[in-house]
Amino acid sequence: MTLSPSFRPILAASAGLISTVPSPSSAPEAPQAVSVSLPQAIAAAGGTVEVPITVTDLSGWGILSYQFKISFNSPDSILSFDPTPVTSGTLSSQGSWSVQLNTAVANEITVGAYGAVPLVGRGELLKLKVKTNASAVAGNSSVLSVTHFLFNTGSPEPTVHNGSVTVHARVCGDADENGEVDAYDAALTLREALGPMSPPPPPLTAVGRLNADVNMNGEVDAYDAARSEEHTSEL
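Residues numbered from 1 in each chain as written. Predicted model: local features only at pLDDT ≥ 70, side-chain atom pairs only at ≥ 80, totals over all residues. Heavy atoms only, no water.

Undergrad: So what's going on with the overall build of the protein chain? Residues and values would help.
TA: A tally of regular secondary structure across the protein chain gives four helices and 11 strands. Sequence separation of 24 or more characterises 72% of the internal contacts of the protein chain that already satisfy a separation of 6 or more. As presented, the protein chain carries roughly 12900 Å² of accessible surface, and 56% of it is formed by carbon and sulfur atoms. (Helix = DSSP H or I, 4+ residues; strand = E, 2+ residues; numbered from the N terminus. Contact = heavy atoms within 4.5 Å. Areas by Shrake-Rupley, 256 points an atom, 1.4 Å probe, with all protein chains shown as cover.)

Here it is in structure tokens:
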């Protein structure tokens, strides 16, 4: 009996010679919508605070550049931005990315960045250092209003959440916010400086970090812990 040609692939497949039915392949997942957020930060008068700009997952978008503006100091001039960005440990430290800031316009900062390797992941896009005026008083606040945020030439178009910086009273060295500075505060400050550690105790609150930043440089580090211990020992 002569078989019709249409049956030959089926018989060959049953004999293990060929495969006529390819395995189904799942379509690649579409990248997620992107949002950009600034925090509700606090700082002491005359102090410095790092303001992180956080993003949701950027993977899959092929992002090779971003730019935006932040306006601030309305109505009172209580803030100024450091012209040097903080990229260490952020998404903008990936590959050979370059970040440039322009603070020439009053009450405004413009940020532009680009790189040859697309950004991937979520977290802190970069951090900006903000210094408060020494004459500011507790309760003074400025909105950080983000405008003209652009990834590549406009895609993805992010949802943007503005932030603020508020001047807050501080008790220098009082990491646990109990109104006193003691050896336990120095220990908490050192734990914070070393990075995320398993509780207990939990990480410092925003006010606790403000108090722990003894030298008011916007960071909590081992030097702050040493200064707290000096105060405790009355050296």
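Undergrad: Help me get a handle on the nonpolar core, residues and values and all.
TA: Counting 37 residues, the largest nonpolar core has Y66 and I70 as the members making the most contacts within it. Sequence-distant contacts of I70, that is, excluding residues within four places in its chain, are made with L38, I53, F81, N107, E108, I109, L128, L144, S145 and V146. Membership of the second largest hydrophobic core comes to five residues, among which are A175, L204, A212 and V220. (Core = buried A, V, L, I, M, F, W, Y, C linked by side-chain atoms within 4.5 Å. Buried < 20%, exposed > 50% of the residue type's maximum accessible area, 1.4 Å probe, protein only.)

Undergrad: Describe in detail helix α4 (residues 222-233), supporting the description with residues and values.
TA: With 12 residues, α4 should reach 16 Å at 1.5 Å per residue; the first-to-last C-alpha distance of 17 Å fits that figure. Packing partners of the buried residues in α4 comprise α2 (183-194) and α3 (206-212). (Expected span 1.5 Å × (residues − 1).)

Undergrad: Quick one: what's the story with the sheet that holds strand β5 (residues 79-81), residue by residue and with numbers?
TA: Read from one edge of the open sheet, five strands run β5-β8-β3-β1-β10, paired in mixed fashion. A single partner strand is all that each edge strand has here, and the edge strands are β5 and β10 (159-161). Shown here is a sheet whose adjacent strand axes are inclined to one another by a mean of 25°, direction ignored. Two elements, β5 and strand β8 (residues 123-132), share three bridges in a ladder whose sense is antiparallel. Note on β8: the bridge partner recorded for L79 is T132. (Pairing = 2+ DSSP bridges. Axes fitted to C-alpha atoms, helices over the stretch in contact; angles between N-to-C directions.)

Undergrad: Break down the packing of α2 against α4 for me, with residues and values.
TA: For the pair α2 and α4, interaxial distance at closest approach is 8 Å and the crossing angle is 175°. Here α2 lies roughly antiparallel to α4, going by the angle between them. For the pair α2 and α4, the contacting residues are A183, A186, T189, L190 and A193 in the first and A222, D224, A225, S228, E229 and T232 in the second. For the contact of α2 with α4, the class distribution of residues is six nonpolar, three polar and two charged. (Parallel < 35°, antiparallel > 145°, perpendicular 65-115°, else oblique. Nonpolar A, V, L, I, M, F, W, Y, C, P; charged D, E, K, R; others polar.)

Undergrad: Go over the pairing of strand β7 (residues 108-114) with me, naming the residues and quoting the values.
TA: The two faces of a sheet get side chains in turn, since along a regular strand they alternate between them. A one-sided burial pattern is seen for β7, the buried positions being I109, V111 and A113 and the unburied ones E108, T110, G112 and Y114. With seven bridges joining them, strand β4 (residues 65-71) and β7 adopt antiparallel strand pairing. Counterpart to S65 in the pairing with β7 is Y114. Both strand β6 (residues 98-102) and β7 contribute to a ladder of five bridges, which runs antiparallel.

Undergrad: Break down the side chain of D185 for me, citing the residues and quoting the values.
TA: With respect to the helices and strands, the residue D185 is situated in helix α2. Salt bridges are absent for the buried D185, whose nearest opposite-charge side chain, R170, sits at 12 Å. Here the side chain of D185 touches A175 through a polar contact of 3.1 Å, landing on its backbone nitrogen. Not counting the four nearest positions on each side in its chain, D185 is found in contact with G173, D174, A175, D176 and E180. (Lys, Arg positive; Asp, Glu negative; His and termini not counted. Salt bridge = Lys/Arg side-chain N within 4 Å of Asp/Glu carboxyl O. Polar contact = N/O pair within 3.5 Å; in protein donor to acceptor, adjacent residues only side chain to side chain.)

Undergrad: Could you give an account of the sheet that holds strand β9 (residues 141-151), naming the residues involved and the relevant values?
TA: Strand order across the open sheet formed by six strands is β2-β11-β9-β4-β7-β6, with mixed pairing between neighbours. Across the chains shown, the open sheet's two edge strands, defined by having one partner strand only, are β2 (40-43) and β6. Averaged over all adjacent pairs, the angle separating strand axes in this sheet is 20°, with direction ignored.

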